[in-house]
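Letter by letter, the chains look like this.
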Amino acid sequence: MTPADPPSAPSEILPEGAIPAATLVIMRPSGAGPDEILMVKRSATMAFAAGAVVFPGGRVDPDDYLVARQHGAGFAEADGAARVAALRETLEETGLAVGWPALAEKDVAEVRQALLAGTLLSDILAARGDRIAFEALVPFARWCPNFKEARTFDTRFYAIAAPPHGHELTVEEAEHSHIFWASAKDTLAMADRGEVSVIFPTRRNLERLAESADFSDFSARSSRFPVDLITPWIEEREGQAHLCIPDHLGYPVTSEIFDRIRRG
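Definitions and cut-offs
Each residue is numbered by its place in its chain's sequence as written, counting from 1. The predicted nature of this model means local features are confined to residues of pLDDT at least 70 and side-chain atom pairs, given and counted, to a pLDDT of 80 or more, with totals for whole chains, interfaces and linings taken over all residues. Hydrogen atoms and water are omitted, and side-chain values are computed over all heavy atoms in the structure. A run of DSSP states H or I qualifies as a helix once it reaches four residues; a run of E qualifies as a strand once it reaches two. Both are numbered from the N-terminal end. The buried label applies to any residue whose accessible area, calculated with a 1.4 Å probe on protein chains only, is under 20% of its type's maximum; exposed applies above 50%, and partly exposed to all values in between. It only takes one pair of heavy atoms within 4.5 Å for two residues to be counted as in contact. The span one expects for a helix is its residue count, reduced by one, times 1.5 Å. What the arc covers is the set of directions going from the helix axis to the C-beta atoms. Put simply, a salt bridge is a Lys or Arg side-chain nitrogen that is within 4 Å of an Asp or Glu carboxyl oxygen.

Time to look at the side chain of Asp79. Mapped onto the secondary structure, Asp79 falls in helix α2 (residues 77–94). Relative accessible area serves as the criterion here: at 16%, Asp79 is assigned to the buried category. When neighbours within four sequence positions are excluded, Asp79 is seen to be in contact with Arg156 and Tyr158.

Given a rise of 1.5 Å per residue, twelve residues ought to cover 16 Å, and the 17 Å separating the end C-alpha atoms of helix α3 (residues 105–116) matches this to within 8%. Burial in α3 covers these residues: Asp107, Val108, Val111, Arg112 and Leu115. For α3, the angular spread of the buried residues around the axis is 145 degrees, confining them to a single face. In α3, the exposed positions angled more than 90 degrees off the buried face are occupied by Lys106, Ala109 and Glu110. Lining the buried residues of α3 we find α2 and α4 (121–128). A positive phi of about 110 degrees marks Gly118, the residue just after α3.

Turning our eyes to something else, we now look at the pattern of salt bridges. Taken as a whole and assessed by the stated rule, the structure comprises 18 salt bridges. Here Arg88 makes a salt bridge to Asp64, at a shortest N to O gap of 2.8 Å. Of the two residues, Arg88 sits in helix α2 while Asp64 sits in helix α1 (residues 62–71), which places them 24 residues apart along the sequence. Like Arg88, the residue Asp64 is buried in the burial classification. Glu135 serves as the salt-bridge partner of Arg131, at 3.6 Å between the closest nitrogen and oxygen. For Arg131, a relative accessible area of 40% gives the class partly exposed. Salt bridges here are not isolated pairs; linked through shared partners, they connect Asp61, Asp64, Arg88, Glu89 and Glu92.

Keep in mind that these numbers describe shape and distance, not what the molecule does.
Here it is as structure tokens:
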């Protein structure tokens, strides 16, 4: 891949064929120091970001739009469906139920297995008479990197406070190999030591998260910035190609030398 492949200027236009997706930053108090964030390591066999450490999430399914129409009054369809996808994917991938206040901890494993077996979330909600707490999610970013060697995802980023839970979280083995809690600073340090791999969007968002002490602080900071579409572009700086993002969206680092970046 050459630096000519990504866009050469910032773009507000969604790349053709971009797949709607959502990801969720789940934050919990650590007792000492900044909040910890739930991270998962993608399986080495995955087509996208194989072996990388990421936030839970995935593509938006057709049923997510139905749930959004049924339960997400007041939310735009794409935003509502992405919120549903973020919560559903997190439950499937980690066994943690967030934004679902009526789901008792004793029922989480059964609902997770039903989802993994193909039962639609809309059917589960209807049978239980439950609703999703759309308002619990804080939207803070929307990324759509456009690299030729990777699938193009239009990913909406949300943050949420972790609910109390006593059961052990486990990965869905078809997609992930490891799960852990760590502060944003600690995960970045692990990446710098070569202990974990992070792709460009994950690193930029970890840097942003590292500026906040806890979920409340991050929510307040995020409210100061718009959620604009981010499609990184290539720019020549001091004789080297840099991958860049806009500088008005709350990110402390907005460029990185292109050859050092893991893209997907």
